[in-house]
Amino acid sequence: MNPWPTCLLMAAMGYDGMAAAQDAYKPAAFERSGADVFNRISTALDPASCSESAAKSAWMKDYIHDPKWFERQLTAMLPILDHVSYQAQKRGLPMEYALIPFVESRFQPKAVAKGGPTGLWQIMPETGRYYGLQIGGKKDGRFSIIKSTDAALSYLQKLQSMFGDWQTGIMAYNAGDSRLRGSLKRQGLAKADADKRLPTGLAPHTYAYVKKIRALSCFMFDPASFGVNLPTDAVFTPLEADTDPVAPVPDNGN
């Protein structure tokens, strides 16, 4: 998985085409608003995900860069953000996992990075194949919002079951679960701690990954502190996979 959006080689595709990338879907018989999406996310996130240092994150301010432009991005990505957060909650996963595409690709389904990571979730070829995605060519499943999200969440569900902790799960998503498991075992640890840089010996961007997710959590709790007005009034048609107008019951097992 690729932790640095600045390294992405973006395909020529505007945000207006994001929701339809590789996914021909029948419009649902109802609409949702930005308020539905952002409320779902903020109420399901663990309040402890936002630390005092994360609330002052320089990375998050740099990521936003121009608040007005970022607001337009958020509006355009709503169908995808809705899909990812809806499906994560439907599986009973920590909502922190739904923030991963912000870090991986800025929610761009056609993002391609050097070394193989591709799509919304920057899935490596071997991981994609393991979870049933076609790899390569115009029908590469990593470019599909629905297929790639299903694969990524299946992998994250495995990591959550394995570690029982979203922070450790996210570090495993970034570093590879076998590598992280080995490091934890050698150092006699049950879980990872990015703030303490444990287990030791991982790449700096793996520890930084958790800090970015924490900063994004702070943003979801208090976007005004970052100078952003969420597009709560924006209305959109959900993707086909998210046709139930009633949001799943939040899972509190963060």
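Residues numbered from 1 in each chain as written. Predicted model: local features only at pLDDT ≥ 70, side-chain atom pairs only at ≥ 80, totals over all residues. Heavy atoms only, no water.

### As for the overall build of the chain
- Looking only at helices and strands, one finds eleven helices and four strands in the chain.
- Burial analysis of the chain (254 residues in total) assigns 54% to the buried set.
- Within the chain, contacts between residues separated by at least 24 positions form 73% of all contacts whose residues are at least 6 apart in sequence. (Helix = DSSP H or I, 4+ residues; strand = E, 2+ residues; numbered from the N terminus. Buried < 20%, exposed > 50% of the residue type's maximum accessible area, 1.4 Å probe, protein only. Contact = heavy atoms within 4.5 Å.)

### A short note on the packing of helix H9 (residues 166-175) against helix H11 (residues 204-221)
- Packing of H9 against H11 brings their axes to within 9 Å, and their N-to-C directions diverge by 130°. Viewed along their axes, H9 and H11 adopt a mutual orientation that is oblique. Seen from above, H9 lies across H11 with right-handed handedness. Taken together, the residues of H11 that come into contact with H9 (itself represented by Trp 166, Gln 167, Ile 170, Met 171, Tyr 173, Asn 174 and Ala 175) are His 205, Thr 206, Tyr 207, Tyr 209, Val 210, Ile 213 and Arg 214.
- Tallied by class, residues from the contact of H9 with H11 come to nine nonpolar, four polar and one charged. (Axes fitted to C-alpha atoms, helices over the stretch in contact; angles between N-to-C directions. Parallel < 35°, antiparallel > 145°, perpendicular 65-115°, else oblique. Left-handed = near helix turned anticlockwise from the far one by under 90°. Nonpolar A, V, L, I, M, F, W, Y, C, P; charged D, E, K, R; others polar.)

### Focus on the packing of aromatic side chains
- For the structure shown, the criterion picks out nine aromatic pairs.
- Ring geometry for Tyr 130 versus Tyr 131: centroids 4.9 Å apart, planes at 75°, classification edge-to-face.
- For Tyr 131, a relative accessible area of 22% corresponds to the partly exposed category.
- Among the aromatic side chains, those forming a connected cluster through ring pairs are Trp 59, Tyr 63, Phe 70, Phe 219 and Phe 226.
- Across the ring face of Tyr 63, the terminal group of Arg 106 is positioned such that the distance to the ring centre comes to 3.9 Å. (Phe/Tyr/Trp six-rings, centres within 6.5 Å; stacked < 30°, edge-to-face > 60°. Lys NZ or Arg CZ within 6 Å of the ring centre and 35° of its normal.)

### Re the state of the cysteines
- In total, this model carries one disulfide according to the counting rule given.
- In this model Cys 50 forms its disulfide with Cys 218; the gap between the sulfur atoms is 2.1 Å. For the disulfide bridge between Cys 50 and Cys 218, the dihedral angle about the S-S bond is near 110°, and by the sign convention the bridge is right-handed. Of this pair, Cys 50 sits in the loop between helix H1 (34-44) and helix H2 (52-55) while Cys 218 sits in helix H11, and the two are 168 residues apart along the sequence.
- Take Cys 218: its relative accessible area is 2%, and that puts it in the buried class. (Disulfide = S-S within 2.5 Å.)

### Overview of the environment of Gln 167
- Turning to its location among the elements, Gln 167 is positioned in helix H9.
- The class for Gln 167 is buried, based on a relative accessible area of 8%.
- Between the alpha carbons of Gln 167 and Ser 49 there is a distance of 9.1 Å; along the sequence they are 118 residues apart.
- Ignoring any residue separated from it by four or fewer positions in sequence, one finds Gln 167 in contact with Ala 192, Asp 193, Ala 194, Asp 195, Val 210 and Arg 214.

### What to know about unusual backbone geometry
- Cis geometry is found at the peptide bond from Leu 198 to Pro 199, where omega equals 0°.
- For Pro 199, the location among the structural elements is in the loop between helix H10 (177-186) and H11.
- Even without glycine at this site, Arg 197 takes up a positive phi of about 55°.
- The residue Arg 197 is located in the loop between H10 and H11 in this model.
- Given the relative accessible area of 41%, Arg 197 is considered partly exposed.

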